[in-house]
Amino acid sequence: MHVSFIFTLTALVGIGSAKSGCGKAIPDEFPSPGSSKTLSLPNSDRSYRIHIPSTYQHDTKAPVYFSFCGAGKDGHEQEGLSQFSNPAFNPDGIAVYPETDNGVWLSNQYAHTSHPNDLDFTDELLTHLEESLCVDQSRIYANGKSNGGELTAVIACNATVGSRFAAFSVVSGAWHETGDVPGVGACEPAKRDEGYPFLIFHGTVDQTAPIEGDVEDEIVPIIDVLHNWAERNGCDKDQKWARNVTIHEDPLVKRAGWDCDGKTNIVEFYREGDNGHCWPCTHSNDDYATMGRDKCPMGHYVFNATEIIFEFYSRYQLNSQFQLEM
Ligand SMILES: *[C@@H]1O[C@H](CO)[C@@H](O)[C@H](O)[C@H]1NC(C)=O
Ligand SMILES: *[C@@H]1O[C@H](CO)[C@@H](O)[C@H](O)[C@H]1NC(C)=O
Ligand SMILES: *[C@@H]1O[C@H](CO)[C@@H](O)[C@H](O)[C@H]1NC(C)=O
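Residues numbered from 1 in each chain as written. Chains lettered and ligands numbered in written order. Predicted model: local features only at pLDDT ≥ 70, side-chain atom pairs only at ≥ 80, totals over all residues. Heavy atoms only, no water.

A.B. asks: Would you explain the pattern of salt bridges in this entry?
C.D. replies: Tallied over the full model, the rule gives nine salt bridges. Where aspartate 259 meets arginine 243, a salt bridge forms, and the shortest distance between an N and an O atom there is 2.7 Å. Here aspartate 259 is found in strand β9 (residues 253–260), whereas its partner arginine 243 is found in strand β8 (residues 243–248), with 16 residues between them in sequence. Judged by its relative accessible area of 28%, aspartate 259 falls in the partly exposed class. (Salt bridge = Lys/Arg side-chain N within 4 Å of Asp/Glu carboxyl O. Helix = DSSP H or I, 4+ residues; strand = E, 2+ residues; numbered from the N terminus. Buried < 20%, exposed > 50% of the residue type's maximum accessible area, 1.4 Å probe, protein only.)

Structure representation (structure tokens):
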């Protein structure tokens, strides 16, 4: 309680002096509406890819959707895989694909010696975007695949930067320590009335990050990850899901949901029968094309995770964000 109060004050002071990008022309270095570009973050050694929607207007606040790539991948590949820049899924939001420092995110076991500054990077990038473009601070969302998925949880766990995101989603997360990553600190999200809406997708035949976990690789079972997010949202420890419905028969797809602190389905899980470590899409994508049939047996899937992610996000926004000066 005490701790989150201090973080809130810090955030207030930090953001209070910032200027909003609303009402200003898009700065020259950014892509024009309807296109994407990879940019360097000023005063930083980090970079990111960004897509500005064709509908963007400098006097209308746009939501921002971050999508973090898997280990060894880049923002351009994540843009293709996630389809977050595709107006069919995201007609009016800014899509952002941060680049890794050295191929892996902070949450990867191989990053423990290099310590990439991913939390500061995400925080600074978000501030830069809010100052440069017309951003709706109540609708900023984080997503990631595999190692980028666990980084999404590390962000949610951090009281400073996690508080700026309204909801989170992870596809085929490689969960090493349920968000308690060595060198990052414990999972201590700031307390907030909105909670931490969390949507997780995982394939039952994932060989990279097995759904039941892997003791040798220190991969945590998905059910533990779900229970931890339910508990952080006010559910009792190890509280059972409120519902677990079949949404497809063959392959068997189950959607489980937890109701915590009066919020229905604040933690949601798609259990993908016969899917591997691949981003669910009804058509082939980079995952299905590159990993092949031994790892992604169906070659495509029976739903588009991206569509479900945007539906989930549309249920959540922050009420208590700080206003930037105009
Ligand atoms: C939380 O994130 C901020 C950047 O937003 C970073 O400076 C700080 O070290 C992080 N805290 C922990 C405990 O990792
Ligand atoms: C939901 O149902 C499936 C199939 O019966 C089961 O394997 C799974 O453990 C249940 N719960 C969750 C959270 O997936
Ligand atoms: C799923 O997304 C792909 C684009 O990645 C699209 O071509 C396809 O029509 C979508 N499927 C459905 C059922 O909406």
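Now that the structure has been shown, we can carry on.
A.B. asks: Hey, could you run me through the site of ligand 1 in this one?
C.D. replies: Near ligand 1 you find Leu119, Asp120, Asp123, Asn158, Thr160, Val161 and Val184, and these make up its full shell. One of the side-chain nitrogen or oxygen atoms of aspartate 120 is found 2.6 Å away from an oxygen atom of ligand 1. Contacts to ligand 1 include aspartate 123, whose side-chain N or O atom sits 3.5 Å from an oxygen atom. Protein chains bury 60% of the 360 Å² of accessible surface belonging to ligand 1 in isolation. (Near = heavy atom within 4 Å. Polar contact = N/O pair within 3.5 Å; in protein donor to acceptor, adjacent residues only side chain to side chain. Areas by Shrake-Rupley, 256 points an atom, 1.4 Å probe, with all protein chains shown as cover.)

A.B. asks: I would appreciate a short explanation of helix α4 (residues 147–157) in the present structure.
C.D. replies: An α-helical segment advances 3.6 residues per turn. Residues three or four places apart therefore align on the same side. With 11 of its 11 residues buried, α4 lies for the most part within the structure. Of the positions making up α4, those classed as buried are Asn147, Gly148, Gly149, Glu150, Leu151, Thr152, Ala153, Val154, Ile155, Ala156 and Cys157. Of the surrounding secondary structure, the elements contacted by the buried residues of α4 are β3 (62–68), α3 (118–132), β5 (135–145), β6 (167–171), β7 (198–203) and α5 (222–232). (Contact = heavy atoms within 4.5 Å.)

A.B. asks: Any chance you could explain the site of ligand 2 here in plain terms?
C.D. replies: Around ligand 2, a shell composed of Ile223, Trp241, Asn244, Lys254, Ala256, Trp258, Phe269 and Arg271 is seen. Contacts to ligand 2 include asparagine 244, whose side-chain N or O atom sits 2.3 Å from an oxygen atom. Within the side chain of arginine 271, an N or O atom sits 3.4 Å from an oxygen atom of ligand 2. Here ligand 2 loses 68% of its free accessible area of 350 Å² to cover by the protein chains. For the shell around ligand 2, the secondary-structure elements that each account for two or more residues are β9 and β10 (263–272). Of all the elements, β9 adds the most residues to the shell around ligand 2, at three residues.

A.B. asks: Help me out: how do you make sense of the state of the cysteines in this one?
C.D. replies: Linking two cysteines covalently through their sulfur atoms gives a disulfide. Applying the stated rule across the entire model yields four disulfides. Linked covalently through their sulfurs, cysteine 235 and cysteine 260 form a disulfide whose S-S length is 2.1 Å. Judged by the torsion about the S-S bond (-85°), the cysteine 235/cysteine 260 disulfide is left-handed. Residue cysteine 235 is located in the loop between α5 and β8, and its partner cysteine 260 is located in strand β9; the two are separated by 25 residues in the primary sequence. A relative accessible area of 6% means that cysteine 235 is categorised as buried. The buried category is assigned to cysteine 260, whose relative accessible area is 1%. Note on cysteine connectivity: cysteine 278 is disulfide-linked to cysteine 296, with sulfurs 2.1 Å apart. On the S-S bond that ties cysteine 278 to cysteine 296, the torsion sits near -115°, and the link is left-handed. Of this pair, cysteine 278 sits in the loop between β10 and α6 (286–295) while cysteine 296 is found in the loop between α6 and α7 (305–313), placing the two residues 18 residues apart along the sequence. In terms of burial, cysteine 278 and cysteine 296 fall into one category: buried. Each disulfide of the protein joins two cysteines, and with those cysteines numbered along the sequence the arrangement is 1-2, 3-4, 5-6, 7-8. (Disulfide = S-S within 2.5 Å.)

A.B. asks: I'm lost on the pairing of β9 in this one. Help?
C.D. replies: Taken residue by residue, a regular strand's side chains alternate between the two faces of the sheet. Pairing of β8 with β9 involves five bridges; the strand directions are antiparallel. Bridging across to β9, threonine 246 finds its partner in lysine 254. Adjacent in sequence and paired antiparallel, β8 and β9 are bridged by four residues. The pairing of β9 with β10 spans seven bridges and is antiparallel. Its bridge partner being in β10, arginine 255 is matched across the sheet by tyrosine 270. Between β9 and the antiparallel strand that follows it, β10, lie two residues; aspartate 261 among them carries a positive phi value of about 55°. (Pairing = 2+ DSSP bridges.)

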